[in-house]
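# Residue-level structural notes
Given next are the chains, with one letter for each unit.
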Amino acid sequence: MCKLKSEREYQVVMERIEELNPLITDDMNEDDKLMIEFSILVDLAEEYEDKHYPIGTPSISELIQLKLQEKEMSQKTLAKKIGISSSRISDYINGKAEPTLKIARLLCKELDILPSEILA
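To keep things clear, this report deals only with the structure shown in the data block. (Residues numbered from 1 in each chain as written. Predicted model: local features only at pLDDT ≥ 70, side-chain atom pairs only at ≥ 80, totals over all residues. Heavy atoms only, no water.)

## A word on the overall build of the chain
The number of helices and strands found in the chain is 7 helices and 0 strands. Starting at the N terminus, the α and β elements of the chain follow one another as α-α-α-α-α-α-α. In the chain, the proportion of contacts linking residues at least 24 apart, taken out of those at least 6 apart, comes to 51%. Positive and negative side-chain charges of the chain, numbering 16 and 24 respectively, have mean locations separated by a distance of 13 Å. (Helix = DSSP H or I, 4+ residues; strand = E, 2+ residues; numbered from the N terminus. Contact = heavy atoms within 4.5 Å. Lys, Arg positive; Asp, Glu negative; His and termini not counted. Charge placed at Lys NZ, Arg CZ, Asp CG, Glu CD.)

Right under this line is the structure:
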């Protein structure tokens, strides 16, 4: 399969994906011309994104911030739930400190973080 060689090519592919997206339905046959075109374009875009826009493993700080946001929870509320000071949560978020294993376990439980994510 060919590869996208430039940002412009990527943008054109993304525009076409946006045009096709409303036309693609769950009950379409995989042999449908639109479905084939859509699938090829998505594969091209994903390959380009993997190379040019890689998503790294989030840090503990990023995980905590993300989960607090998802749960619409404040640092103060989290701190109270796991029995530490809110300034300590702030230290974790600002990268000034890393949680102990005990606190990491509590963070995982309270924020629905997989242990493998927080220990990475």
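## Focus on the packing of helix H4 (residues 75-82) against helix H6 (residues 101-111)
Direction vectors running N to C along H4 and H6 enclose 120 degrees, while the axes themselves pass 10 Å from each other. Seen from above, H4 lies across H6 with right-handed handedness. Counting all contacts with H4, which are made through Leu78, Lys81 and Ile82, the residues of H6 involved are Ile103, Leu106, Leu107, Glu110 and Leu111. Partitioning the contact of H4 with H6 into residue classes produces 6 nonpolar, no polar and 2 charged. (Axes fitted to C-alpha atoms, helices over the stretch in contact; angles between N-to-C directions. Left-handed = near helix turned anticlockwise from the far one by under 90°. Nonpolar A, V, L, I, M, F, W, Y, C, P; charged D, E, K, R; others polar.)

## Quick notes on the pattern of salt bridges
Going through the model one piece at a time under the given rule, you end up with 7 salt bridges. Here Lys67 and Glu70 are joined by a salt bridge, their closest N and O atoms 3.5 Å apart. In this pair, Lys67 and Glu70 both sit in helix H3 (residues 60-70), 3 residues apart, roughly one turn of the helix. Judged by its relative accessible area of 51%, Glu70 falls in the exposed class. (Salt bridge = Lys/Arg side-chain N within 4 Å of Asp/Glu carboxyl O. Buried < 20%, exposed > 50% of the residue type's maximum accessible area, 1.4 Å probe, protein only.)

## Some thoughts on the environment of Met73
Within the secondary structure, Met73 is located in the loop between H3 and H4. Residue classification places Met73 among the buried positions, given a relative accessible area of 15%. With 15 residues separating them along the chain, Met73 and Pro58 place their C-alpha atoms 19 Å apart. Apart from the residues within four sequence positions on either side, Met73 is in contact with Leu68, Leu78, Lys81, Glu110 and Leu111.

## Quick word on helix H1 (residues 7-20)
Compared with the 20 Å implied by 1.5 Å per residue over 14 residues, the 20 Å span of H1 between its first and last C-alpha is a close match. Along H1, the positions that sit buried rather than exposed are Tyr10, Val13, Ile17 and Leu20. Here the buried residues of H1 occupy an arc of 85 degrees about the axis, which is enough to place them on one side. Of the exposed residues in H1, those oriented more than 90 degrees away from the buried face are Arg8 and Glu18. For H1, the secondary structure elements touched by its buried residues are helix H2 (33-52). (Expected span 1.5 Å × (residues − 1). Arc of directions from axis to C-beta.)

## Some thoughts on the environment of Glu30
Residue position: Glu30 is located in the loop between H1 and H2. Given the relative accessible area of 66%, Glu30 is considered exposed. When neighbours within four sequence positions are excluded, Glu30 is seen to be in contact with Met35 and Ile36.

Limitation: the analysis is restricted to geometry and does not speak to function.
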